[in-house]
Amino acid sequence: GEDVEQSLFLSVREGDSSVINCTYTDSSSTYLYWYKQEPGAGLQLLTYIFSNMDMKQDQRLTVLLNKKDKHLSLRIADTQTGDSAIYFCAESKDSSASKIIFGSGTRLSIRP
Amino acid sequence: NAGVTQTPKFQVLKTGQSMTLQCAQDMNHNSMYWYRQDPGMGLRLIYYSASEGTTDKGEVPNGYNVSRLNKREFSLRLESAAPSQTSVYFCATQIPNTGELFFGEGSRLTVL
């Protein structure tokens, strides 16, 4: 079946860039999402990209999509302590959430 | 504040007890979802409701039942709780077209 994989942990120094990577198996994925989960809270959508796009930028966030390799990345520029959270990659064939497959999440920790 | 409200936030049950998790939204969305989150496993869909009066099974429905009481409310019931149902449960609604999910803050359930 379809799968979404992420590494479990990432540690970066404050002020550096963070790059969180994700691979997925379903070549018919149309919607690709990044969600952020802060401690004790639900997930919150950070950004999403359609499969016909290569890149999307939103302030400190840059999403890159390599559709050939089924690889998605999230870059956070100038990482701050408030960026500490778990980041989930997710993909879907259509806009119905019943089809969304989530990765296991990458826990980002920030070193001073 | 507009959003998704879940109750209770914490619950401890003994094996075999029953309980209902409540979810209410004031965003006037048609689709509502119940997920469970377990360490290292991301989110898994339990049940969903595409509209008032309809419910469908997700990836892990066994041991659960749901009721879509009206457009606002979607409840999740455990008839006979098992330790394997110890988890954090999230209710979510969905914006059409983009597939963006809005999550509640979660309900942490422990079954002893």
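Quick caveat: nothing in here was measured; it's all calculated off a predicted structure. (Residues numbered from 1 in each chain as written. Chains lettered and ligands numbered in written order. Predicted model: local features only at pLDDT ≥ 70, side-chain atom pairs only at ≥ 80, totals over all residues. Heavy atoms only, no water.)

**Remarks on the pairing of strand E5 (residues 43-50) of chain A**
Regular strands place their side chains on alternate faces of the sheet.
All names here are of chain A.
And step 1. Where strand E4 (residues 31-37) lies against E5, 7 bridges are found, and the strand directions are antiparallel. Directly across from Tyr 33, in E5, lies its bridge partner Tyr 48.
And step 2. With antiparallel pairing between neighbouring strands as the criterion, E4 and E5 make up a hairpin whose turn holds 5 residues, including Gly 40 at a positive phi of roughly 75°. (Pairing = 2+ DSSP bridges. Helix = DSSP H or I, 4+ residues; strand = E, 2+ residues; numbered from the N terminus.)

**Side note on the interface of chain B and chain A**
Frequently, the measure chosen for interface size is the accessible area removed from exposure when the parts meet.
And step 1. Between chain B and chain A, the contact holds 19 residues from the first and 19 residues from the second.
And step 2. Roughly 1500 Å² is buried in total at the junction of chain B and chain A, and carbon and sulfur atoms are behind 56% of that figure.
And step 3. Of all residues in chain B, the largest losses of buried area upon contact with chain A belong to B:Leu43, B:Thr98 and B:Phe103, amounting jointly to 27% of the total for that side.
And step 4. At the surface where chain B touches chain A, the tally comes to 2 residue pairs in polar contact (both at pLDDT 80 or more).
And step 5. For the side of chain B that touches chain A, the secondary structure elements donating two or more residues are strand E4 (32-37), strand E5 (43-49), strand E9 (87-94) and strand E10 (101-103) of chain B.
And step 6. Of the residues assigned to the side of chain B that touches chain A, the class counts are 9 nonpolar, 8 polar and 2 charged. (Contact = heavy atoms within 4.5 Å. Buried area = accessible area lost by both parts, 1.4 Å probe. Polar contact = N/O pair within 3.5 Å; in protein donor to acceptor, adjacent residues only side chain to side chain. Nonpolar A, V, L, I, M, F, W, Y, C, P; charged D, E, K, R; others polar.)

**Digging into the sheet that holds strand E7 (residues 65-68) of chain B**
Residue and element names in this part refer to chain B.
And step 1. Read across the open sheet, the 4 strands follow the order E1-E3-E8-E7; overall the sheet is antiparallel. Edge strands, defined here as strands with exactly one partner in the open sheet, are strand E1 (4-7) and E7. Within this sheet the neighbouring strands show an average axis-to-axis angle of 15°, counted without direction. (Axes fitted to C-alpha atoms, helices over the stretch in contact; angles between N-to-C directions.)

**A few points about the sheet that holds strand E1 (residues 4-6) of chain A**
Residue and element names in this part refer to chain A.
And step 1. Taken together, the 5 strands give an open sheet; going across it, the order is E1-E3-E8-E7-E6, and neighbouring strands pair in antiparallel fashion. Edge positions in the open sheet fall to E1 and strand E6 (55-58), since each of these has one partner strand only. Along the sheet, successive strands turn relative to each other by an average axial angle of 15°, direction set aside.
And step 2. In this structure, E6 lies alongside strand E7 (residues 61-66), joined through 4 bridges in antiparallel fashion. Looking across to E7, one finds that Asp 58 is bridged to Leu 61.

**Description of the nonpolar core**
The tendency in soluble globular proteins is for nonpolar side chains to be buried side by side.
And step 1. Grouped together as the largest cluster of nonpolar side chains are 22 residues, with contacts concentrated most on A:Tyr33, A:Tyr35, A:Phe102, B:Tyr33, B:Tyr35, B:Leu101 and B:Phe103.
And step 2. Residue assignment for this core shows that the elements contributing at least two residues are E4, E5 and strand E9 (85-92) of chain A together with E4, E5, E9 and E10 of chain B.
And step 3. Counting 20 residues, the second-largest nonpolar core is a separate cluster that includes B:Trp34, B:Ile46, B:Tyr64 and B:Val66. (Core = buried A, V, L, I, M, F, W, Y, C linked by side-chain atoms within 4.5 Å. Buried < 20%, exposed > 50% of the residue type's maximum accessible area, 1.4 Å probe, protein only.)

**What about the side chain of B:Arg68?**
Residues and elements named next belong to chain B.
And step 1. For Arg 68, the position within the fold is in strand E7.
And step 2. Lacking a salt bridge, the buried Arg 68 has Glu 52 as its closest oppositely charged neighbour, with an N-O distance of 6.5 Å.
And step 3. Side chain to side chain, Arg 68 and Ser 49 meet in a polar contact 2.7 Å long.
And step 4. When sequence neighbours within four positions are dropped, the list of residues in contact with Arg 68 reads Gln 25, His 29, Asn 30, Met 32, Ser 49, Ser 51, Glu 52, Gly 53, Thr 54, Thr 55, Glu 73 and Phe 74. (Lys, Arg positive; Asp, Glu negative; His and termini not counted. Salt bridge = Lys/Arg side-chain N within 4 Å of Asp/Glu carboxyl O.)

**Some words on the confidence of the model for chain A**
And step 1. Averaged over all residues, the pLDDT of chain A equals 92, while 99% of them reach at least 70.
And step 2. At the level of individual helices and strands, chain A shows its lowest average pLDDT in strand E10 (residues 101-102) of chain A, which scores 91, and its highest in strand E2 (residues 9-13) of chain A, which scores 97. (pLDDT = per-residue confidence, 0-100.)

**Observations regarding the packing of aromatic side chains**
And step 1. Under the definition given, this model contains 13 aromatic pairs over all chains.
And step 2. With a centroid separation of 6.3 Å and an interplanar angle of 45°, the aromatic rings of A:Tyr33 and A:Tyr48 are classed as tilted. On the criterion of sequence distance, the pair formed by A:Tyr33 in strand E4 and A:Tyr48 in strand E5 is long-range, its members being 15 residues apart. A:Tyr48 shares its class with A:Tyr33; the two are buried.
And step 3. Residues B:Tyr33 and B:Tyr48 carry aromatic rings whose centres are separated by 5.9 Å and whose planes lie at 20° to one another, so their mutual orientation is stacked. With B:Tyr33 in strand E4 and B:Tyr48 in strand E5, this pair connects stretches of sequence that are 15 residues apart. The same class applies to B:Tyr33 and to B:Tyr48, which are both buried.
And step 4. Members of the aromatic cluster, connected to one another through ring pairs, are A:Tyr31, A:Tyr33, A:Tyr35, A:Tyr48, A:Phe50, A:Phe102, B:Tyr33, B:Tyr35, B:Tyr48, B:Phe90 and B:Phe103.
And step 5. Residue placement shows A:Lys56 over the ring face of A:Tyr48; its charged tip is 4.3 Å from the ring centre. (Phe/Tyr/Trp six-rings, centres within 6.5 Å; stacked < 30°, edge-to-face > 60°. Lys NZ or Arg CZ within 6 Å of the ring centre and 35° of its normal.)

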